[in-house]
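Examination of the molecular architecture
Next come the chains, spelled out residue by residue.
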Amino acid sequence: MDPRQVYADHIGVIERIAESLCRRNGIHGADAEDFASEVKLKLLQDDYAVLRKHRGTCSVQTFLTVVIANLFRDHRIKMWGKWRSSAEAKRRGETAVLLEAAIYRDGQTFDEACNTLSRNGRVKVDRAELRKILHEIPHRVPRRVDDGARVDDLPAPFGADDGVINRERDERLQAAKDALSRAVAQLEREDRVIIRMHYFEGLSVADVARGLGIDQKRLYPRLKKLLEELCARLKGDGIGAEYLEWLNSPPP
Amino acid sequence: MAMGLEHYPGDYWEEMAAFDEVDLELIGALMDGRLTGAERERAIKLLGESEAAFEVYTDAVRARADLEEEEEEEEAKVVPIEPRLDKRQPGRRRWLVGVPAAAAAAWVGVPAAAAAALLVAVLPSVQAYRDQAVFAAATTDITLPLTQRGDLRSTLRPGWEDRSWSVMRGGTRAGFDSTTEFRLGVRATDLRVALATGDAERARGLTGEVLDLLQAMPVADGAKAKYQGLRSRIERRETGEPLIAAASDAEKTLNEFLDSRWFGYGKWLAAGELAARTGSASFFASGSTSRFLRAAIGRGRLAPSDVELLRQVSVLAGQGVDGEEFATIRQNFAELIRRHGGG
């Protein structure tokens, strides 16, 4: 396999992979072009050294996809440190991930974030819906906390009088998260990966099945069984329906 | 160490420490389904223990899904309707975009590239037209796999039409809303099934419910008149094909009046629920049903959680439904009906 030829034959695919990764992570315009250029440069470097590492145990396109995803990870860490979209945002889909990145990672105001999303082209921009999403995803400390205008624009997590109730809520929530963490850790290795991919990364059942080479049809009952198992373990830890109902109920 | 949730960082701004060297080829081979036995175990172990590997893997899975979606969209634009050998280059096929035969005939003599360019520009409306036809399908056609069963009445238990909806207070609504349109669609299917089983009592009740729903709708007089006429005929104990034809006519008027995708959803989801309830495998094997599922999943503008339920149905239907799978499908359709019917 001539790596020069591979590169030439797959230049369109390389660009599309880079574009997909950027788009899904809220990177667009000049920043996305920079990343795409960085990818091409990296693949060309040292006489196509990266492509020469391909051993043939996966298809060329898949290899390129994984390599570029790895380059993207490096790029992301270089730009933003250890920023990661919250599990809640990933579960809610691309719009929530992009909104969260725009506001909490990039420090944009809500209006600026709406404009950024409308330029994306793939997501529907409905301001009322976006505001609702913003209320539902975890409130995170924005980078630019010294800019009063930007901080004021964001929904406050709670009012001054709600401190006690919210402390108790936070403690209970943390206890539930710890219990869930322990329950997930007790699953078989592959089951842990499945749960994480579907419920924490927001990947569809179809994508989870394809990614792991599992029969999609069998994955549905397997997920159901895993959820039952996790529920039983949570109940054993005192996290049952009433506990969750308290967490989800509005404060008095 | 096992990767549990405790590894999700609380502080999202800390700089990354040195991370594992990730075996990218191993991850790629897992994605391609080329690993078995010990190698597969090694790959799964890597995903479970290396944050870097897991992140790269999930990003790669998403990117691949995007590429495949783009490729499918490209392929959908070019469908052979009549592959012909190009006389200038023997053996080379000339592809034309699929169009109604009459339109294709009018294009004889137009250079293929120009025709394809024109049709690609028209294609979104062709696709939309096809989707519209799916959603506007009559309940007579949608429910055919059920209504042609001789044992349909005996397989439907009493109370089959109970949808456990909350009461809608017509006076407080404007009249046109997706919940009402959806419920009308569900009841259109239920009515068709009640008529097919000769159940006059149920058919009368369902017709009455349709009229109640239409009551709050402004300028629905044409549709109301048709359903009032139908109810009268049911009360006069008319039966058979003339009654079914009257119901079809009323439904057609309602469909034209509403011109609503939600009406279509109601019809299809109700039919799907009843088909699963009665174990009608032929419904799920039919081309019409798969066209509906494809349109609803791919272009239906539904919430991700709704799409996930329909995807599961599609997967089960695609491989032939049997046994417990009917129960799973029924649960999915029942949940969708509950969500959109205001349950």
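How each quantity is defined
- Residues numbered from 1 in each chain as written.
- Chains lettered and ligands numbered in written order.
- Predicted model: local features only at pLDDT ≥ 70, side-chain atom pairs only at ≥ 80, totals over all residues.
- Helix = DSSP H or I, 4+ residues; strand = E, 2+ residues; numbered from the N terminus.
- Buried ≥ 20, exposed ≤ 12 C-beta atoms within 10 Å, placed from the backbone.
- pLDDT = per-residue confidence, 0-100.
- Contact = placed C-beta atoms within 7 Å.
- Expected span 1.5 Å × (residues − 1).
- Nonpolar A, V, L, I, M, F, W, Y, C, P; charged D, E, K, R; others polar.
- Axes fitted to C-alpha atoms, helices over the stretch in contact; angles between N-to-C directions.
- Parallel < 35°, antiparallel > 145°, perpendicular 65-115°, else oblique.
- Left-handed = near helix turned anticlockwise from the far one by under 90°.
- Core = buried A, V, L, I, M, F, W, Y, C linked by C-beta atoms within 7 Å.

Turning our eyes to something else, we now look at the overall build of chain A. Scanning chain A from N- to C-terminus turns up 14 helices and zero strands. When the helices and strands of chain A are read in sequence order from the N terminus, they spell out α-α-α-α-α-α-α-α-α-α-α-α-α-α. Buried positions account for 29% of the 252 residues belonging to chain A.

For the rest of this paragraph, the subject is the confidence of the model for chain A. Residue and element names in this part refer to chain A. Here chain A shows a mean pLDDT of 82. Residues at 70 or above account for 85%. For chain A, per-element mean pLDDT is lowest for helix H9 (residues 148–153), which scores 43, and highest for helix H1 (residues 3–9), which scores 94. Segment residues 144–161 is flagged for pLDDT under 50; beyond a separation of four residues in sequence, or across chains, it makes 15 contacts in the model.

Another aspect to go through is helix H12 (residues 240–258) of chain B. Residue pairs three or four apart in sequence face the same way in an α-helix, which turns once every 3.6 residues. Residues and elements named next belong to chain B. Taking 1.5 Å as the rise per residue, H12 with 19 residues should run 27 Å; its terminal C-alpha atoms sit 27 Å apart, in good agreement. Looking at the buried residues of H12, the elements they touch are helix H6 (139–142), helix H9 (178–196), helix H11 (221–235) and helix H13 (261–277). Downstream of H12 by a residue or two, Asp259 has a phi angle that is positive, lying close to 45°.

We now examine the interface of chain A and chain B. Tallying the contact residues gives 48 residues for chain A and 47 residues for chain B. Those elements giving two or more residues to the side of chain A that touches chain B turn out to be helix H2 (11–24), helix H4 (60–80), helix H10 (163–185), helix H11 (189–200), helix H12 (205–212) and helix H13 (216–236) of chain A. Partitioned by chemical class, the residues of the side of chain A that touches chain B number 20 nonpolar, 14 polar and 14 charged.

Now for the packing of H2 of chain A against helix H3 (residues 29–52) of chain A. All names here are of chain A. Here H2 crosses H3 at 135°, and the two axes come no closer than 9 Å. Taken together, the axis directions place H2 and H3 in an arrangement best described as oblique. The chirality of how H2 crosses H3 is right-handed. Along its contact with H2, which presents Ile14, Glu15, Ala18, Glu19 and Cys22, the element H3 presents Ala32, Phe35, Ala36, Val39, Lys40 and Leu43.

What follows deals with the nonpolar core. Counting 54 residues, the largest nonpolar core has Leu184, Leu191, Leu214, Leu269, Ala271, Ala275 and Val313 of chain B as the members making the most contacts within it. Dropping the residues within four chain positions of it, Ala275 of chain B is found in contact with Pro145, Leu146, Ser280, Phe283 and Phe284 of chain B. One finds Phe35, Phe72 and Ile194 of chain A together with Leu24 of chain B within the second-largest nonpolar core, a separate group that totals 53 residues.

This next bit is on the packing of H3 of chain A against H4 of chain A. Each pair of packed helices can be described by the angle between their axes along with the distance between the axes. Residues and elements named next belong to chain A. Two elements in contact, H3 and H4, have axes separated by 11 Å at closest approach and are oriented at 120°. Comparing their axes, H4 and H3 come out oblique. Once H3 is placed against H4, the crossing between them reads as right-handed. Residues Phe35, Glu38, Val39, Lys42 and Val50 of H3 form the contact with H4, whose participating residues are Val67, Ile68, Leu71, Phe72 and His75. Grouping the amino acids of the contact of H3 with H4 by side-chain chemistry returns seven nonpolar, one polar and two charged.

Residue and element names in this part refer to chain A. By the element assignment, Leu226 lies in helix H13. Looking at Leu226, the number of C-beta atoms within 10 Å reads 20, which means it is buried. Distance from Leu226 to Ile194, taken between C-alpha atoms, is 9.5 Å for residues 32 residues apart in sequence. When near neighbours in sequence (up to four residues on either side) are disregarded, Leu226 contacts Leu187, Asp191, Ile194 and Ile195.

In this section: helix H1 (residues 24–31) of chain B. Residues and elements named next belong to chain B. Across the eight residues that make up H1, a large majority, seven, are buried. Looking at H1, one finds that the buried residues are Leu24, Leu26, Ile27, Gly28, Ala29, Leu30 and Met31. Once H1 finishes, Gly33 follows within two positions and takes phi at roughly 70°, a positive value.

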